[in-house]
Amino acid sequence: MSAPGGPPVGTSGPGGPNHAGDHAGDLLSALLDAQLAPADELVVRTHVAGCPACATELGAVELARSRVRALRGLDPPFGFYQRLLATPRRRRWAAASLAAAAAASVAFVGVLPAREAPVHPAVATLIRTHAVAASVDGDPVSQLATAGVPVSFRP
Amino acid sequence: MKALVGAAALAVIVSGASVGPVLADSESVLDHARSSAEASSFSGVLDIVWRDGNVTRQQQLRVKAARGVLLFEGPTPLMALDDARLVRENAAWDVLWPAALRLRRPDSGEKYEQRMAVGPKMLGHDTLVIDIRRGDRVRERLYVEQFFGLLLRREQFDDRGGVQRSVGFRELQIDAGAPPMARPVSTTTKALQSVTGGKLHGPYSAPVVLGDGYRRTGVFRKGGVVQVVYSDGIYDMSVFEQRGRLGSKAAPRGGRPVRVGGSKGWQYTWPGGQVVLWQAGRTVYTVVADAPYDDVLGAIRTVRGSSGPSVAYRFRQACRSLVGAFRDDR
């Protein structure tokens, strides 16, 4: 693999800087921070010398770096660090409360009897049972007759 | 003999009065009709007519009686054998109500006014007409045969004065000399067991009074079903209680949705009255009544579970649903 206009960016061996692309990329920033091994630094500099794109990018990165470094320092507002340190504690309390509520709910459910079984009332049978009871102390003809009429109550 | 004495008493009461005032012993007319049906020998065809929403339905049923045996013929034959009630299923007679069980109907005089008058001739028989009134409305009209005291026709009216349902003889032959009918030789039993109302536990309840003057007349249990029977002297109401939850699609089709307290319920019509079905808390209630619908609604509002599930119950259900959701995800 070769970079257009320049030699390929190589490596210094296993574990060394390696760039799979055609240009130096992140190695430029490492070059400015003096974090490359001497052999890698030589390879990157050789590439930049023959590659206008990487030379331009190196210049831009260097400019941005120098401008950030030129920014004036600011003091944090009063109590910033205290609040920063206190926040995790509040979160810990909230998390603990939530966990306790969940545990209580699970325990509440756990001590309850099992969920009630489904019931399917046999309505026709219940009607007949009622009519029979009503006929015992009422008029048997008019009360029982209604129970003798076939009716359907199906789900 | 008892029938004749009762009929003679009625004849004396109404003689000389076409529309009588409230009769002191009109209560005995119903008692007399019952004992007459149990003691007389007759055969005939009954017309059963009832309104189901906007539809009027009608069925006919053949009936015959001889000396203490009253038999209704039809797809599911029923029999009144003295004080017992039987049903014929699978080629055998089952006892639904043993003769030993008793219900004590309260006096209807506290709630209703009864007026008796000479009625029209029906099927060749002279009749007495008894109007059962509540306030200025006639709720029920009974046509009683004058000599034997047999109830020939019964009409229930709605709140606009229309006939809501009726049961009456379409054909009738009274034959005092009819031979006795065969009594079942052997029976099985599906009978209820009587329960003392105060001894119900768990989600079951049996208030002494329900709604507008419905008094508890008995508490029974069969399997997991508790039946509490109420009466106001004229109408009866059974509250069936089953522990559990109303299964999905458990409500029969064709029900009209109703609200019972905080719960959703369904209302149905049967030839003899109304059915209301709902779940509240850990109990499924089925109320079956021959009472007018407004009476039924008034009564079920006083059933313990009609106020809907408690906050604790809803919370438990919510927790259960939450845990269930996690279980389902696994």
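Computed from a predicted structure; not experimentally measured.

1. Examining the overall build of chain B
Secondary structure assignment for chain B yields four helices and 23 strands. Taken across its 330 residues, chain B has 40% of its residues classed as buried. Long-range pairs, those at least 24 residues apart, make up 53% of the contacts in chain B between residues at least 6 apart in sequence.

2. Regarding the pairing of strand β18 (residues 236-243) of chain B
Residues and elements named next belong to chain B. Counting buried positions over the eight residues of β18 gives seven, a clear majority of the element. Direction of pairing for strand β17 (residues 225-231) relative to β18: antiparallel, over a ladder of seven bridges. Following the sheet pairing, Val228 is matched in β18 by Val239. With antiparallel pairing between neighbouring strands as the criterion, β17 and β18 make up a hairpin whose turn holds four residues, including Gly233 at a positive phi of roughly 100°. As paired strands, β18 and strand β23 (residues 283-289) are joined by seven bridges and run antiparallel to one another. Note that in β23 the partner of Phe240 across the bridge is Thr286.

3. Some details on the interface of chain A and chain B
The interface of chain A with chain B comprises 40 residues on the first partner and 58 residues on the second. Elements with a contribution of two residues or more to the side of chain A that touches chain B: α4 (80-111), β1 (118-119), α5 (123-137) and α6 (140-148) of chain A. When residues in the side of chain A that touches chain B are grouped by element, the largest group, twelve residues, is from α5(A). Classifying every residue of the side of chain A that touches chain B gives 26 nonpolar, nine polar and five charged. In this sheet, strand β19 (residues 245-246) of chain B lies alongside β1(A) in parallel orientation, the contact comprising two bridges. Each bridged residue has a counterpart across the sheet, and for Val119(A) the counterpart in β19(B) is Leu246(B).

4. Overview of helix α3 (residues 293-300) of chain B
Residue and element names in this part refer to chain B. For α3, the complete set of buried residues consists of Asp295, Val296, Ala299 and Ile300. Buried residues along α3 cover an arc of 125° about the axis, so they all sit on one side. Looking at the buried side of α3, the elements it contacts are β15 (209-210), β16 (214-222), β18, β20 (256-260), β22 (273-280) and β23.

5. Here's the deal with the confidence of the model for chain A
On average, residues of chain A score 76 in pLDDT, and 74% of them reach the 70 mark or higher. Scored below 50 in pLDDT, residues 10-20 of chain A makes 17 contacts in the model with residues more than four places away or belonging to other chains.

6. A few points about the pairing of strand β2 (residues 42-52) of chain B
Residue and element names in this part refer to chain B. Relative to strand β3 (residues 55-66), β2 is paired through eleven bridges, and the arrangement is antiparallel. Among the inter-strand pairings, Asp52 is bridged to a residue of β3, identified as Val55. The turn linking β2 back onto β3 is made up of two residues, and Gly53 within it adopts a positive phi angle of 65°.

7. Concerning helix α2 (residues 38-50) of chain A
In this model, α2(A) (13 residues) spans 19 Å end to end at C-alpha, consistent with the 18 Å of a helix rising 1.5 Å per residue. Tucked into the core, α2(A) has its buried residues touching α1 (27-32) and α3 (52-70) of chain A.

8. Let's talk about the nonpolar core
Residues Ala145(A), Val144(B), Met237(B), Val275(B) and Val287(B) are the most contacted members of the largest nonpolar core, which totals 93 residues. In terms of residue count, the dominant contributor to this core is α5(A) (eight residues). If you look at the next biggest cluster of nonpolar residues, it comprises ten residues, including Val44(A), Val48(A), Cys54(A) and Leu58(A).

9. Looking at unusual backbone geometry
Residue and element names in this part refer to chain B. One non-glycine residue with positive phi stands out, namely Ala91, at about 60°. Relative to the elements of secondary structure, Ala91 occurs in the loop between β6 (84-89) and β7 (92-97). Backbone geometry at Leu123 places phi at a positive 50°, although glycine is not the residue there. Mapped onto the fold, Leu123 is located in the loop between β8 (113-118) and β9 (127-134).

10. Focus on the packing of α5(A) against α6(A)
Residue and element names in this part refer to chain A. Close contact between α5 and α6 brings their axes to 8 Å; oriented N to C, the two are set at 175°. When the axes of α5 and α6 are compared, the pair comes out roughly antiparallel. Two secondary-structure elements touch here, α5 through Ile127, Arg128, Ala131, Val132, Ala134 and Ser135 and α6 through Pro140, Gln143, Leu144, Thr146 and Ala147.

Thresholds applied
- Residues numbered from 1 in each chain as written.
- Chains lettered and ligands numbered in written order.
- Predicted model: local features only at pLDDT ≥ 70, side-chain atom pairs only at ≥ 80, totals over all residues.
- Helix = DSSP H or I, 4+ residues; strand = E, 2+ residues; numbered from the N terminus.
- Buried ≥ 20, exposed ≤ 12 C-beta atoms within 10 Å, placed from the backbone.
- Contact = placed C-beta atoms within 7 Å.
- Pairing = 2+ DSSP bridges.
- Nonpolar A, V, L, I, M, F, W, Y, C, P; charged D, E, K, R; others polar.
- Arc of directions from axis to C-beta.
- pLDDT = per-residue confidence, 0-100.
- Expected span 1.5 Å × (residues − 1).
- Core = buried A, V, L, I, M, F, W, Y, C linked by C-beta atoms within 7 Å.
- Axes fitted to C-alpha atoms, helices over the stretch in contact; angles between N-to-C directions.
- Parallel < 35°, antiparallel > 145°, perpendicular 65-115°, else oblique.

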